[in-house]
Amino acid sequence: VEIADTLKFQSNLSYGEMEDDFLRCSGSYSGGQINAEWGADSVDLDFITHFLIQKSDAIGTISTTGELSGTLQHPQVRAKFSIENLERSPVRFDCITMDAELRDNLVQVHQAKLQYGQSQIQAYGTIPVNLLNSEMENRNVDLIIQGSDLNFDFVEMVHDAYNFENLIFDIRSNITGT
């Protein structure tokens, strides 16, 4: 770390017997501007949960990359992540991926995907950061969700795991099968 008019940092973290660093981050802060980036490859969720306030029994591996820029008052974040073989009873996904961006109090989901066997759900759109703030005037979610090859086991698993209240769906469907 250098301390002067500009703060610069770089860190590579590893643990246990891993040969490679599991978390890389670097960046700078100068004149009120932040520029940083990070990355992590195939980190066990079990390891990450040790650092969380609310513990989780989730298992799987996560990989992520991202960039942070802007100011402390108006940050901009672009992040990509994938979780492989996620299990948290009663839910299991083969893969979850997301590419999203935070800018101007909106989360722009460029692509999100859940995969369970041949079943797949994709989503993209915008979500306001203060969605749960009842005093905020515009709390509209503009999110398009598409599914393909959804079998009833998948639908039942998601339905049983999550309580979806106060949602309105506009559904276009194409149902095939025997």
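Just so we're clear, the structure is a prediction, and the values are computed from it rather than from any experiment.

Peer 1: Describe in detail the overall build of the chain, supporting the description with residues and values.
Peer 2: Each helix and strand counted, the chain has 2 helices and 9 strands in total. Mapped from its N terminus to its C terminus, the chain presents α and β elements in the order β-β-β-α-β-β-β-β-β-β-α. With 178 residues in all, the chain has 22% of them scored as buried. The long-range fraction of contacts in the chain, counting pairs at least 24 apart against all pairs at least 6 apart in sequence, stands at 31%. Only carbon and sulfur atoms are counted for the fraction: they give 50% of the accessible area of the chain, which is about 13400 Å².

Peer 1: Can you tell me about the pattern of salt bridges, naming the residues and giving the values?
Peer 2: Side chains bearing opposite charge may pair, as long as their charged atoms lie close to each other. Within the structure shown, the criterion is met by 6 salt bridges. The residue Arg88 makes a salt bridge to Asp57 at a minimum N-O spacing of 3.3 Å. Taken together, the residues Arg88 in strand E5 (residues 75-88) and Asp57 in the loop between helix H1 (45-48) and strand E4 (59-70) connect sequence positions 31 residues apart. Accessibility expressed as a relative area gives 45% for Arg88, which makes it partly exposed. Overlapping salt bridges, with partners in common, bring together Arg78, Asp99, Glu101 and Arg103 in one network.

Reading guide: rules and limits
- Residues numbered from 1 in each chain as written.
- Predicted model: local features only at pLDDT ≥ 70, side-chain atom pairs only at ≥ 80, totals over all residues.
- Heavy atoms only, no water.
- Helix = DSSP H or I, 4+ residues; strand = E, 2+ residues; numbered from the N terminus.
- Buried < 20%, exposed > 50% of the residue type's maximum accessible area, 1.4 Å probe, protein only.
- Contact = heavy atoms within 4.5 Å.
- Areas by Shrake-Rupley, 256 points an atom, 1.4 Å probe, with all protein chains shown as cover.
- Salt bridge = Lys/Arg side-chain N within 4 Å of Asp/Glu carboxyl O.

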